Amino acid sequence: MSEHLNIAIDGPSGAGKSTLAKAVASALQIRYLDTGSMYRAMALFATRRGVSVSDEAGLRTILDDADIRVQYDERGQRVLIGDEDVTDVLRTQELAMGASTVSAHPCVREKLAELQREVGRNYDVVMDGRDITTNVLPHTKHKFFVTASPEVRAERRLKELRARGSMQETYEQVLADIKLRDHNDSTRAYMPLRQTEDSLRIDTSEMTIDEALTTLLNAIAEKQDR
Ligand code: DC
């Protein structure tokens, strides 16, 4: 078990996990690890090697070469494949779906979860993902399940896309995408997304980020004192 402060946040996509996790990290002056970006980098790596994200045997053959690294600089977390910084190309819908598919393979999860555990052993860190409370940091007392209704998540996602100048997606498409990813992530056989009994559930559907942040920080402080 880590001597460091490890905070685990799981939940479906678009629930506000990463915004909250970043805000917690900044309030506590500790690191933030976005584990989803590592699965996205894995999907990118497989695609570049011409291996389908659904091809378990193919993925096994390239896994040792998948040198996915995480570093920190003044911009925050950076994800590298070898020496190449790929952080800025990871946030596409294609790689989100690719990451969801690639993450179902146990060989991929084992590799990335071990890299994530190493960060937890070496640093005070907030991690968000789908299996942080169940698999990566199961021993931490700071566990959260951050969620929101699919409709609210689709609206938020659409706003984000529009803000980035992307106009072609419709609300219906974004909602369908979110539901498909929820289904994939929570029904896969190995390490599906689920809420553990000892996680505090925070539903952000009707909450502001500040309200959710206060709930999280209070819960962390309360357990730290014990
Ligand atoms: O959080 P995100 O949207 O960047 O994650 C992309 C996909 O990666 C998500 O649909 C499921 C997968 N993922 C996972 O299986 N386990 C994690 N700890 C993080 C992400």
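What you see is a predicted model; the values in this text were computed from it and never measured.

1. Thoughts on the packing of helix 2 (residues 35–48) against helix 5 (residues 106–122)
Where helix 2 meets helix 5, the axes come as close as 11 Å, and the angle between the chain directions of the two elements is 140°. By the angle between their axes, helix 2 is oblique relative to helix 5. Crossing geometry of helix 2 relative to helix 5 is assigned as right-handed. Contacts between helix 2 and helix 5 involve Thr35, Met38, Tyr39 and Met42 on the former and, on the latter, Val108, Arg109, Leu112, Ala113, Leu115 and Gln116.

2. Some thoughts on the packing of aromatic side chains
Summed over all chains, the structure comprises 0 aromatic pairs. The side chain of arginine 31 reaches across the aromatic face of tyrosine 123, ending 3.7 Å from its centre.

3. Points about helix 7 (residues 150–163)
If you check helix 7, its first and last C-alpha atoms are 20 Å apart, about what 14 residues at 1.5 Å a residue would give, namely 20 Å. Regarding helix 7, the residues found buried are Val152, Arg153, Ala154, Arg157, Leu158 and Leu161. Downstream of helix 7 by a residue or two, glycine 165 has a phi angle that is positive, lying close to 90°.

4. A look at the site of the ligand
Surrounding the ligand, one finds 15 residues, the nearest of these being Arg40, Arg109, Asp131, Arg181 and Asp185. Within the side chain of arginine 40, an N or O atom sits 2.7 Å from an oxygen atom of the ligand. Protein burial of the ligand: of its 450 Å² of free accessible surface, 96% is covered by the chains. Elements with a minimum of two residues in the shell around the ligand: helix 2, helix 4 (93–102) and helix 8 (171–187). In terms of residues, the shell around the ligand owes the most to one element, helix 2, which gives 4 residues. Each residue belonging to the shell around the ligand can be placed in one class, and the counts come to 3 nonpolar, 5 polar and 7 charged.

5. Considerations on the sheet that holds strand 5 (residues 84–85)
Sheet architecture is open: 3 strands sit in the order 3-4-5, paired in antiparallel fashion. Two strands bound the open sheet, and with one partner strand each, they are strand 3 (68–73) and strand 5. Where strand 3 and strand 4 (residues 76–81) come together, 6 bridges link them in antiparallel fashion. From the neighbouring strand, isoleucine 68 faces strand 4, where its bridge partner is isoleucine 81. Along the sheet face, helix 2 touches strand 3, strand 4 and strand 5 and points at about 25° away from the line of strand 4.

6. With respect to the nonpolar core
Met42, Leu59, Ile68, Val108 and Met127 are the most contacted members of the largest nonpolar core, which has 34 residues in total. At the level of secondary structure, the elements contributing two or more residues to this core comprise helix 2, helix 3 (56–63), strand 4, helix 4, helix 5, strand 6 (125–129) and helix 6 (132–136). The biggest single contributor to this core is helix 2, with 8 residues. Setting aside residues no more than four positions away along its own chain, isoleucine 68 makes contact with Met38, Ala41, Met42, Val79, Leu80, Leu112 and Leu115. If you look at the next biggest cluster of nonpolar residues, it comprises 18 residues, including Leu20, Ala21, Val24 and Val146.

7. Some details on the environment of leucine 5
By the secondary structure assignment, leucine 5 is in the segment before strand 1 (6–10). With residues near it in sequence (within four places) discarded, leucine 5 still touches Leu28, Ile30, Tyr123, Asp124, Val125, His142 and Gln224.

8. Observations regarding the sheet that holds strand 8 (residues 200–203)
Strand order in the open sheet formed by 5 strands is 2-6-1-7-8, with parallel pairing between adjacent strands. Edge positions in the open sheet fall to strand 2 (31–34) and strand 8, since each of these has one partner strand only. Neighbour-to-neighbour, the strand axes of the sheet open up by a mean angle of 20°, direction not taken into account. Taken together, the 4 bridges between strand 7 (residues 142–147) and strand 8 define a ladder with parallel strand orientation. In the strand pairing of strand 8, phenylalanine 145 is matched with arginine 201.

Criteria and thresholds
- Residues numbered from 1 in each chain as written.
- Predicted model: local features only at pLDDT ≥ 70, side-chain atom pairs only at ≥ 80, totals over all residues.
- Heavy atoms only, no water.
- Axes fitted to C-alpha atoms, helices over the stretch in contact; angles between N-to-C directions.
- Helix = DSSP H or I, 4+ residues; strand = E, 2+ residues; numbered from the N terminus.
- Parallel < 35°, antiparallel > 145°, perpendicular 65-115°, else oblique.
- Left-handed = near helix turned anticlockwise from the far one by under 90°.
- Contact = heavy atoms within 4.5 Å.
- Phe/Tyr/Trp six-rings, centres within 6.5 Å; stacked < 30°, edge-to-face > 60°.
- Lys NZ or Arg CZ within 6 Å of the ring centre and 35° of its normal.
- Expected span 1.5 Å × (residues − 1).
- Buried < 20%, exposed > 50% of the residue type's maximum accessible area, 1.4 Å probe, protein only.
- Near = heavy atom within 4 Å.
- Polar contact = N/O pair within 3.5 Å; in protein donor to acceptor, adjacent residues only side chain to side chain.
- Areas by Shrake-Rupley, 256 points an atom, 1.4 Å probe, with all protein chains shown as cover.
- Nonpolar A, V, L, I, M, F, W, Y, C, P; charged D, E, K, R; others polar.
- Pairing = 2+ DSSP bridges.
- Core = buried A, V, L, I, M, F, W, Y, C linked by side-chain atoms within 4.5 Å.

Distances and angles like these do not, on their own, reveal function.
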